Amino acid sequence: MRKLVLCVALSSALVAGCSPSPPSSEATPATAHASGDAAADNAFSLLSRRYLDEGLALSPVSATSIGEHRYDGDIDDLSATGRQASLDFTRKLLTELDAIDASRLSRDNQVDAQILRNTLQYALWDTEILQSWAWDPQVYSSLAGGAIYSLMAREFAPMPERLASATARIEKLPALFAQARANLDPARVPKIHAETVARQNAGVLVLLDTFITPNADQLSGEARSRLDAAVTALRAAVGEHQKWLDGTLVPNAKGDFRIGAQRYDEKLKFSLNASLSRDEIRSRAEAALTDIREQMYQAAKVVLKDRPGAVATPDAPSEAQRQQAIEAALEFAYAQKPARNEVVDFAKKTLEHATAFTREHDLVTVPDDPVKIILMPEFQRGVAVAYCDS
């Protein structure tokens with residue numbers, strides 16, 4: 001849960017700048033000023049730094065993934081004790097945030113304070129009300145895979161240093177699997193979640209075979225012996241967990257993946273950090289769909305123009321004519337798709353061409369850091385067809 005909440009906090013800061021809805025007037029006074037009271041701003045700055053420092057300590061895997069490496073040898077504690085520590089930390093920060101007069105903050109800090117408040121309230125709601133730790137096994141599989149992947153997928157430190165951190169985490173993963181078995185209530189777990197995680201579980205071993213064992217020779221002596229022992233223990237723990245997934249969780253998973261209208265609305269408000277209702281979002285989406293389909297139809301007219309046997313593309317089409325033209329144009333695109341075993345190479349070449357075109361025409365500044373096209377790690381497969389890890 002801490003991983004989810006901390007990621008929300010960091011992404012919300014990016015979303016706030018482009019959100020169509022300003023922060024709630026409840027938390028952002030109408031008398032906002034660009035510059036605020038120095039004492040209030042300083043108090044909020046200290047509170048924000050504590051949130052990042054202490055919050056990331058409670059979510060080490062997320063910390064690694066965003067570039068904070070002080071906790072690379074630790075993993076999140078999802079036991080009852082660990083969850084309580086997170087709750088205590090969150091409530092304490094929320095109380096201290098409430099003690100700061102938002103009207104005295106600078107406009108920038110008022111926005112940040114609203115983001116932080118939403119994040120803290122979301123953390124409490126997720127742990128106490130939604131209780132994903134009790135019914136979503138993906139929480140644990142994602143954490144287990146991310147604990148290794150976040151260390152090894154990026155070369156932020158020399159390999160021996162990352163292997164040492166990986167060793168410490170690998171030693172702790174059997175306890176995480178035990179926490180999953182203790183926390184999850186099969187009667188509340190949706191069948192699709194259970195089946196997905198049962199297929200993902202072996203992905204942890206793929207990470208070992210991809211990143212850890214091929215590089216193990218870079219350690220020697222006690223460090224190498226410790227790594228070997230940790231890997232052996234983890235292989236056994238993954239096998240034990242697989243037996244529980246297949247023999248206990250999947251057969252007894254009776255939960256509903258739908259969380260209900262009330263909780264959905266509450267989660268939606270937290271996720272968006274805005275008060276848009278489902279009806280408002282649907283209305284915007286339907287309007288966008290109409291606009292996009294018209295753009296697709298206009299593109300289809302260009303594609304189909306002068307092609308023998310092409311369907312009609314009148315200026316004022318019926319919905320059926322619009323759909324028929326769009327499908328016909330898409331068929332031409334489908335004909336150019338790469339074979340299944342050529343998709344990755346095709347994507348790499350497409351990226352090269354797009355990057356070169358963007359730089360040549362100076363459309364935007366392209367960072368020098370490499371962008372890699374890779375297969376989705378096995379531990380993340382099952383709930384999406386593509387992903388972006390940045």
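Here's a quick rundown of the structure. (Residues numbered from 1 in each chain as written. Predicted model: local features only at pLDDT ≥ 70, side-chain atom pairs only at ≥ 80, totals over all residues. Heavy atoms only, no water.)

1. Here's the deal with the environment of A164
Note the cut-off: Helical segments are the DSSP runs of H or I of at least four residues, strand segments are the runs of E of at least two, and each set is numbered from the N terminus.
With respect to the element layout, A164 can be found in helix 8 (residues 159–183). Linking A164 and A223, residues 59 residues apart in sequence, is a C-alpha distance of 7.2 Å.

2. Side note on the packing of aromatic side chains
Rule in force here: When the centres of two rings from Phe, Tyr and Trp lie within 6.5 Å, Trp using its six-membered ring, the rings pair. Their planes under 30 degrees apart give stacked, over 60 give edge-to-face, and anything left gives tilted. Partly exposed residues are those whose accessible area sits between 20% and 50% of the maximum for their type, while under 20% is buried and over 50% is exposed, using a 1.4 Å probe and protein chains only.
As enumerated under the stated definition, the model contains five aromatic pairs in all. Relative to W125, the ring of Y122 lies with its centre 6.2 Å away and its plane at 50°, an arrangement referred to as tilted. Pair noted here: Y122 and W125 are both in helix 5 (residues 107–130), with a separation of three residues, about one helical turn. Taking the relative accessible area as the measure of exposure, Y122 reaches 1% and is therefore buried. A relative accessible area of 7% means that W125 is categorised as buried. Relative to F270, the ring of Y122 lies with its centre 5.2 Å away and its plane at 5°, an arrangement referred to as stacked. Within this pair, whereas Y122 is found in helix 5, its partner F270 is found in helix 12 (residues 261–272), the two being separated by 148 residues in sequence.

3. Regarding unusual backbone geometry
Although it is not a glycine, N273 sits at a positive phi angle of roughly 55°. With respect to the helices and strands, N273 occurs in the loop between helix 12 and helix 13 (278–304). The exposure class assigned to N273 is buried, which follows from its relative accessible area of 16%. At D362, a position not held by glycine, the phi torsion is positive, near 50°. Turning to its location among the elements, D362 is positioned in the segment after helix 15 (343–360).

4. Topic: helix 11 (residues 221–252)
What counts is decided by this rule: A helix is expected to span 1.5 Å for every residue after the first. Note on contacts: a residue pair is in contact if any heavy atoms of the two residues lie within 4.5 Å.
End to end, helix 11 covers 46 Å across 32 residues, agreeing with the expected 46 Å (1.5 Å per residue, within 8%). Inspection of helix 11 places L227, A230, V231, L234, A237, V238, H241, Q242, W244, L245, L249 and V250 among the buried residues, and these make up the whole buried set. Looking at the buried residues of helix 11, the elements they touch are helix 7 (138–152), helix 8, helix 9 (191–200) and helix 10 (203–212).

5. Some details on the packing of helix 2 (residues 38–58) against helix 4 (residues 80–98)
Put simply, the rule reads: To get an axis, fit a line to the C-alpha atoms, keeping to the stretch in contact for a helix; angles then go from 0 to 180 degrees between the N-to-C directions. Angular relationships are summarised with four words: roughly parallel below 35 degrees, roughly antiparallel beyond 145, roughly perpendicular across 65 to 115, and oblique for the angles in between. Three residue categories are used. Nonpolar comprises Ala, Val, Leu, Ile, Met, Phe, Trp, Tyr, Cys and Pro, charged comprises Asp, Glu, Lys and Arg, and polar comprises the others, including Gly.
Where helix 2 contacts helix 4, the axes come no closer than 11 Å and their chain directions differ by 175°. One element, helix 2, and the other, helix 4, form an angle in the roughly antiparallel class. Packed against helix 2, whose contacting residues are F44, L47, R50, Y51, E54, G55 and L58, the element helix 4 presents A85, S86, F89, K92, L93, E96 and L97 at the interface. Split by residue class, the contact of helix 2 with helix 4 holds eight nonpolar, two polar and four charged.

6. As for the nonpolar core
One recurring pattern in soluble globular proteins is that nonpolar side chains are buried together. As a reminder of what qualifies: Definition of nonpolar core: a set of buried residues of the types Ala, Val, Leu, Ile, Met, Phe, Trp, Tyr and Cys, connected through side-chain atoms within 4.5 Å.
With 46 residues, the main nonpolar core has I148, M152, I170, I212 and L234 as its most contacted residues. Elements that contribute at least two residues to this core include exactly helix 6 (132–135), helix 7, helix 8, helix 9, helix 10 and helix 11. Top element by residues in this core is helix 11. It accounts for 10 residues. The contact partners of I170, leaving out residues within four places of it in the chain, are I148, L208, I212, L227, A230, V231 and L234.

7. A short note on a nonpolar patch on the surface
Here is the rule: Within this analysis, patches are made of residues with over 30% relative accessible area and no salt bridge. Like charges are joined at 9 Å or less; nonpolar side chains (Val, Leu, Ile, Met, Phe, Trp, Tyr) at 5 Å or less. Surface accessibility in these figures is a Shrake-Rupley result with a 1.4 Å probe; residues are shielded only by whichever protein chains are displayed. What makes a salt bridge here is a side-chain nitrogen of Lys or Arg within 4 Å of a carboxyl oxygen of Asp or Glu, nothing more.
Residues I292, M296, L330 and Y334 make up a contiguous nonpolar surface patch of about 330 Å² in total accessible area. Contributions of two or more residues to the nonpolar patch are made by helix 13 and helix 14 (319–334). You can see L330 is positioned in helix 14.

8. Things to note about the pattern of salt bridges
Two side chains carrying opposite charge are able to pair once their charged atoms lie near each other. On inspection of all chains with the given rule, the structure shows 21 salt bridges. For R226, the salt bridge identified is with E171, shortest N-O distance 2.7 Å. Pair noted here: R226 is in helix 11 and E171 is in helix 8, with a separation of 55 residues, a long-range link. By relative accessible area, R226 is classed as partly exposed at 41%. Assessed through its relative accessible area of 36%, E171 is described here as partly exposed. For R322, the salt bridge is made with E294, and the minimal N-O distance between the two is 3.2 Å. Of the two residues, R322 sits in helix 14 while E294 sits in helix 13, which places them 28 residues apart along the sequence. The structure contains a network of salt bridges with shared partners spanning R50, E54, K92 and E96.

The values reported here are purely geometric and, on their own, carry no functional implication.
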